Amino acid sequence: MLLLGIDVGTSSIKVSVVDAQTQQCKASAQYPETESPILSPQPGWAEQSPEMWWEHVQLAIKKAHATDNYNPANIGAIGISYQMHGLVMVDDNQQVLRNSIIWCDSRAVEIGEKAFKAIGKKQSLSHLLNSPGNFTASKLAWVKEEEPDTYKKAMRIMLPGDFIAMKMTGEITTSISALSEGIFWDFKKDRISKDVMEYYGFDDKLIPTVQDVFSDHGRLKESIAASLSLKAGIPVTYKAGDQPNNALSLNVLEPGEVAATAGTSGVIYGVSSELTYDPESRVNTFAHVNYTNDEKRLGVLLCINGTGILNRWVKNIFTPAISYSQMNSEASKVPIGADGLRVLPFGNGAERMLNNQIIGVHFHHIDLNLHSQAHLFRAAQEGIACAFRYGLDIMRENGMNPQVIRAGKANLFLSDLFVEAFVNTTHVPVELYNCDGSVGAAIGAGIGAGVYKTPKEAFTQVKPLTVIEPTKKKEYKAVYEEWKGLLDNILD
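Residues numbered from 1 in each chain as written. Predicted model: local features only at pLDDT ≥ 70, side-chain atom pairs only at ≥ 80, totals over all residues. Heavy atoms only, no water.

(A) A look at the overall build of the protein chain. When its secondary structure is counted, the protein chain shows 16 helices and 22 strands. Here the protein chain has a C-alpha radius of gyration of 22 Å; the compact-globule value for 492 residues is 23 Å, and the two agree. The dimensions of the protein chain, computed from C-alpha atoms along their principal axes, are 65 × 55 × 40 Å. In the protein chain, buried positions account for 62% of the 492 residues. Expressed as a percentage of contacts within the protein chain between residues at least 6 apart in sequence, the contacts between residues at least 24 apart total 75%. (Helix = DSSP H or I, 4+ residues; strand = E, 2+ residues; numbered from the N terminus. Rg over C-alpha atoms; globule rule 2.2 N^0.38 Å. Buried < 20%, exposed > 50% of the residue type's maximum accessible area, 1.4 Å probe, protein only. Contact = heavy atoms within 4.5 Å.)

The following block contains the structure:
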């Protein structure tokens with residue numbers, strides 16, 4: 001039996017086909033090869049077309065088939081991972097009503113702050129484990145206020161993965177994990193939050209049927225199956241946000257285990273069994289993929305919007321013709337600290353860990369006689385590592401003290417320079433694995449389809465490629481302390 005995993009990313013769609021028995025990837029494909037656009041009609045806004053995602057999903061699946069490394073007829077279940085917090089709205093005919101307002105859009109910050117005060121800080125944090133903030137519910141409230149005709153036409157609201165599953169099956173479902181990331185879930189009462197629904201005046205009919213993450217979310221329609229060379233009726237058995245899914249793919253399922261990613265955004269994601277929350281809502285708590293009413297498993301999530309997107313921006317602005325590996329090679333020739341050049345990587349919308357402030361990217365101490373492109377490359381990656389340390393210290397304040405962090409060898413974790421900066425700035429070793437979100441989604445499909453008895457059984461073949469220990473903490477200490485001082489001055 002083969003398993004199909006789909007990862008709906010911000011930059012591209014990636015799919016993987018995994019052998020259920022060996023847990024080995026048979027083929028992977030990405031579409032497009034270049035990065036998908038983020039539409040920004042106004043400063044601070046960020047949108048993408050759901051129909052673009054669906055088109056790219058189909059093209060990526062066909063591209064994987066074209067490898068001829070497997071028989072598509074042997075695919076027996078489908079899993080979907082997706083960029084978190086995006087809002088998709090459809091009408092009675094399942095037609096998209098507007099572009100998706102995605103995770104890094106900042107237009108709803110003020111709406112969320114008003115909700116936080118109206119519902120009450122204590123009530124919000126103890127029941128939602130978060131401020132309503134700039135999450136999906138607040139984005140929907142913005143549509144209700146600013147585009148009332150669109151809101152009136154809405155039959156269902158969804159997250160990006162729910163939309164892809166709908167296109168494949170015609171069914172619309174959600175999960176506690178998904179609702180919690182949208183700030184629709186009351187953890188104290190284990191139900192959809194009346195506080196949120198009543199404050200914003202949302203109609204209950206907008207919320208899809210709630211099912212387990214690992215369950216039957218619909219069967220592949222005949223027309224879609226025919227166009228994708230798949231069997232009609234195979235189930236979608238798993239849907240999860242990209243960060244819970246990344247944690248699953250790294251076998252991060254139990255309290256104390258911690259995962260990290262550094263793609264467009266950067267995330268540290270730790271598992272807890274307690275209904276914990278940050279009093280300032282700088283880090284957020286959501287239901288993990290294995291959350292149940294009887295056995296609480298929460299994902300405590302630190303998100304930095306401006307990580308890989310800064311690395312991409314620097315490359316595109318200064319050296320669009322070279323590869324990322326060449327860029328990393330040039331940066332590695334510069335000494336630790338980039339000869340005094342410092343970069344604050346906050347240019348991708350409101351940063352939760354900075355209390356939803358939008359401060360932009362800052363370059364400090366540029367010496368026109370000394371600093372080269374290579375200095376800028378290094379300073380950008382060191383600045384991203386410093387942002388991780390800043391956020392990890394907030395997690396430590398809230399009881400999350402990782403002894404090791406697991407990460408897939410992908411995106412910024414492909415850069416030896418970044419990994420060195422990360423471990424020595426955070427003082428935490430990193431285990432690197434050969435896995436990604438689409439493979440994790442495929443394994444999740446196997447769990448949902450009952451191929452594996454437990455999630456743990458699904459990862460018996462997962463072993464680290466390498467472990468990187470912090471050996472240069474002293475050298476990076478001065479870099480971080482100066483970086484933090486620059487950030488503190490801006491925040492003050």
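(B) Highlighting the sheet that holds strand E13 (residues 236–241). If you walk across this open sheet you meet the five strands as E3-E2-E1-E5-E13, and the pairing is mixed. In this open sheet, the two edge strands, each paired with only one partner strand, are strand E3 (25–31) and E13. Between one strand axis and the next, the sheet turns by 15° as a mean value, whatever way the strands run. As paired strands, strand E5 (residues 75–82) and E13 are joined by five bridges and run parallel to one another. Following the sheet pairing, isoleucine 80 is matched in E13 by lysine 239. On the sheet, helix H1 (residues 50–65) packs against strand E1 (2–8), strand E2 (13–19), E3 and E5 and is oriented at approximately 140° with respect to E3. On top of the sheet, helix H15 (residues 437–448) reaches E1, E2, E3, E5 and E13; it is set at about 130° to E1, its chief contact. (Pairing = 2+ DSSP bridges. Axes fitted to C-alpha atoms, helices over the stretch in contact; angles between N-to-C directions.)

(C) Focus on the state of the cysteines. Under the defined criterion, the tally for this structure stands at zero disulfides. Of the cysteine sulfurs around cysteine 25, a residue in no disulfide, the closest is that of cysteine 435, at 11 Å. A residue is classified by how much of its surface remains accessible, and cysteine 25, at 37% relative accessible area, is partly exposed. Free cysteine: cysteine 104, not disulfide-bonded; nearest cysteine sulfur from cysteine 303 at 9.2 Å. (Disulfide = S-S within 2.5 Å.)

(D) The arrangement of the side chain of serine 193 in detail. Relative to the helices and strands, serine 193 is located in the loop between strand E11 (191–192) and helix H8 (194–200). For serine 193, the side chain forms a polar contact with the main-chain nitrogen of aspartate 195, separated by 3.3 Å. Look past the residues within four positions of serine 193 in its chain and what remains in contact with it is Leu128, Phe184, Trp185 and Asp186. (Polar contact = N/O pair within 3.5 Å; in protein donor to acceptor, adjacent residues only side chain to side chain.)

(E) Highlighting the pattern of salt bridges. Counted by the stated rule, this structure contains 28 salt bridges. Overlapping salt bridges bring together Glu47, Arg98, Asp105, Arg107 and Glu147 as one network. (Salt bridge = Lys/Arg side-chain N within 4 Å of Asp/Glu carboxyl O.)

(F) Broad picture of the packing of aromatic side chains. Summed over the entire model, instances satisfying the criterion amount to 18 aromatic pairs. On the numbers, 5.2 Å between centres and 80° between planes, the contact of tryptophan 45 with tryptophan 142 is edge-to-face. On the criterion of sequence distance, the pair formed by tryptophan 45 in the loop between E3 and strand E4 (47–48) and tryptophan 142 in helix H4 (residues 136–146) is long-range, its members being 97 residues apart. Residue tryptophan 142 is classed as buried on the basis of its relative accessible area of 9%. Both rings, one in phenylalanine 187 and one in tyrosine 291, keep their centres 5.7 Å apart while their planes meet at 80°; by these two values the pair is edge-to-face. You can see phenylalanine 187 sitting in the loop between strand E10 (185–186) and E11 and its partner tyrosine 291 sitting in the loop between strand E16 (284–287) and strand E17 (298–304), a full 104 residues away along the chain. Each member of the pair, phenylalanine 187 as well as tyrosine 291, is classed as buried. (Phe/Tyr/Trp six-rings, centres within 6.5 Å; stacked < 30°, edge-to-face > 60°.)

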